[in-house]
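Coordinate inspection notes
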Amino acid sequence: MFLKDISISFITPCSADPGKVQLIAQLSTEITGVMPYLKAVLKNATYNRNVSSLTFMKEFRLITLYPRHLTMARVLNTTDAWQVLNWLKDLINDVYERRESIIPSRF
Amino acid sequence: MGIYLDNAATSYPKPETVYRAVDAFMREIGASSGRGAYRQALLADKVVFSAREALGKLFGINDVSRIVFTSNVTESLNLAIKGLLKAGDHVITSSMEHNAVWRPLKRLENERGIEITVVSCSRDGSLRAGDVARAIRPNTRLVVMTHASNVTGTILPAGEVGAVARERGVAFLIDAAQTAGIYPIDVRALGADLLAFTGHKGLFGPTGTGGLFIREGVELLPLKEGGTGGDSILESQPDHLPDRFEAGTLNVSGIAGLLAGVDFILHEGIGRIRDREKELTGYFLQALERIPGIEVYGPKDPEKQVGVVSLNVPGVMAPDVARVLDQGYGVMARSGLHCAPMAHRTIGTIDRGTVRFGIGYFNTIKEIDSVVQALAEIAGKAGR
């Protein structure tokens, strides 16, 4: 498995702003090389090559991927956070496995 | 240590991993879940989420945010029944129900004016799905029934009833107190809109754990309000699950044990567990046939029941049988009405109750032999 784990390192579950839980999570693997392929698969993503970041929406949640970590905003709760992180891990691993059949997007 | 045959009340012993998981959580993590952002709070969050995932795998639930933790199946049933039914609604239930279903329904009958139809089961506890279909009215809102009787072990046709309910647009609530972890459950195959389960019986978790699956689109009012760790500025419960129904601090140490219990089941395989209980139950039922005079209730067929066997010894009151079993033979069984008077009316034992044996995965043939020998001696003395 390419990406074994995504672990939450910071979360704001009890904030003053309803529906605005934010989190930072650490990636067990460096993913810079997968970002152009993810950009090709995630139609609404914005890829910034200069800082190696990929920003996209997962329904109402705003996710930004960096080489070794990610940030996520507007998460419903911790259960929602873990569910989305599981989805993201599966997505990254799937794209990595299929990368030879995907035309990478570098813009 | 005697012979424990009260697994229908709570399972004992638990898998070794359950004891270790609770101990490890309390010593090494110990924090509340869904509140803090420090490392141990995040570990507690992960324990709770992993438990949801394991339960989702066991019950065929993809969106595990639809699994709400409660303190037991009674709370789950109260949440489902009181959260769903409104004045003027009609509800259908079976005549084999536990008071955890019957008492909330009777309270709503008194307070909200709901109407209740009880579909009669046969003397062996079995139910015909067609009888449920015939009882449905235009205002029927809910069908609620046990998956397996806690008195006779009789397995009710949940899949057939679920199909009827789905076809007629009626919500379907299953009380899986006696089947979760013991009998294969897939909420999609059963057509369950709501599945109430307890953690401390077939799922091998500690007491004080349970849950409710709520299918997407089923709207319930919360049973309780309070802190959820998020959306704190709101003056009402948040709309999203599981927070909407999980006010207050979760029993995370219990849930850690529940996770270990469900992991044990997933590792062993639900088919293997079911086969083992069928083997033990069938062996017990066959052996009981050789004791003159013993009255056994239910289907008397391990294919049609879970590991619950109820009986009476002619000439000896059920509490006396249980007392002699305990004090004379070290056998732990339960006598009485088992909080299910309707079921006892159905099988004809409302005036005397039964002695109930709850067989579990860790019981052995040798233990069953000892119980049969004890019952034969009690029956023999009573017959003199």
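Everything that follows concerns the structure shown earlier in this document.
Keep in mind that this is a model prediction, so the values were computed, not measured.

1. Some remarks on the pairing of strand β3 (residues 90–94) of chain B
All names here are of chain B. Counting buried residues in β3 gives five out of five residues, a clear majority hidden from the surface. Of the pairings in the sheet, the one linking β3 to strand β4 (residues 115–119) comprises five bridges and is parallel in character. If you follow Val 91 over to β4, its bridge partner there is Ile 116. Assessed by its sense of winding, the connection that carries the chain from β3 through helix α4 (residues 99–112) to β4 is right-handed. In the sheet, β3 pairs with strand β5 (residues 140–146) via four bridges, with the strands oriented parallel. Bridged to His 90 within β5 is Thr 140.

2. Comments concerning the pattern of salt bridges
Residue and element names in this part refer to chain B. A full pass over the atoms with the stated rule returns 23 salt bridges over all chains. A salt bridge links Arg 137 to Glu 115; its shortest N-O distance comes to 3.4 Å. Residue Arg 137 is found in the loop between α5 (129–135) and β5, and its partner Glu 115 is found in strand β4; the two are separated by 22 residues along the sequence. Judged by its relative accessible area of 35%, Arg 137 is partly exposed. Owing to a relative accessible area of 34%, Glu 115 belongs among the partly exposed residues under this scheme. Residue Asp 351 pairs with Arg 352 through a salt bridge whose shortest N-O separation is 4.0 Å.

3. A few points about helix α6 (residues 158–168) of chain B
Since one α-helical turn is 3.6 residues long, residues separated by three or four positions face the same way. All names here are of chain B. If you check which residues of α6 are buried, you get Ala 158, Val 161, Gly 162, Val 164 and Ala 165. Down the axis of α6, the buried side of the element spans an arc of 160°, and every buried residue falls inside it. Those residues of α6 that are exposed and angled more than 90 degrees off the buried face are Glu 160 and Glu 167. At its buried positions, α6 is contacted by α5, β5, β6 (171–175) and α7 (187–190). Phi for Gly 169, located one or two positions after α6, is positive at around 70°.

4. Details of the packing of aromatic side chains
Following the criterion strictly, the structure yields eleven aromatic pairs over all chains and no others. The interplanar angle of 70° and the centroid separation of 6.2 Å between the aromatic rings of B:Phe264 and B:Tyr361 together place this pair among those described as edge-to-face. Here the residue B:Phe264 occupies a position in helix α8 (residues 252–268), and B:Tyr361 occupies one in the loop between β13 (354–358) and α12 (365–383), the gap between them amounting to 97 residues. As far as the burial class goes, B:Phe264 and B:Tyr361 line up, both buried. Within the aromatic cluster, the residues linked to one another by ring pairs are B:Phe204, B:Phe264, B:Tyr361 and B:Phe362. In this arrangement the basic side chain of A:Lys58 is found over the ring face of A:Trp87, its NZ or CZ atom lying 4.2 Å from the centre. Over the ring of A:Tyr96 we find A:Arg99; its NZ or CZ atom is 3.9 Å from the centre of that ring.

So, how was this worked out
Residues numbered from 1 in each chain as written. Chains lettered and ligands numbered in written order. Predicted model: local features only at pLDDT ≥ 70, side-chain atom pairs only at ≥ 80, totals over all residues. Heavy atoms only, no water. Buried < 20%, exposed > 50% of the residue type's maximum accessible area, 1.4 Å probe, protein only. Helix = DSSP H or I, 4+ residues; strand = E, 2+ residues; numbered from the N terminus. Pairing = 2+ DSSP bridges. Right-handed = clockwise from strand over helix to strand, strands pointing away. Salt bridge = Lys/Arg side-chain N within 4 Å of Asp/Glu carboxyl O. Arc of directions from axis to C-beta. Contact = heavy atoms within 4.5 Å. Phe/Tyr/Trp six-rings, centres within 6.5 Å; stacked < 30°, edge-to-face > 60°. Lys NZ or Arg CZ within 6 Å of the ring centre and 35° of its normal.

These figures capture arrangement, not role.
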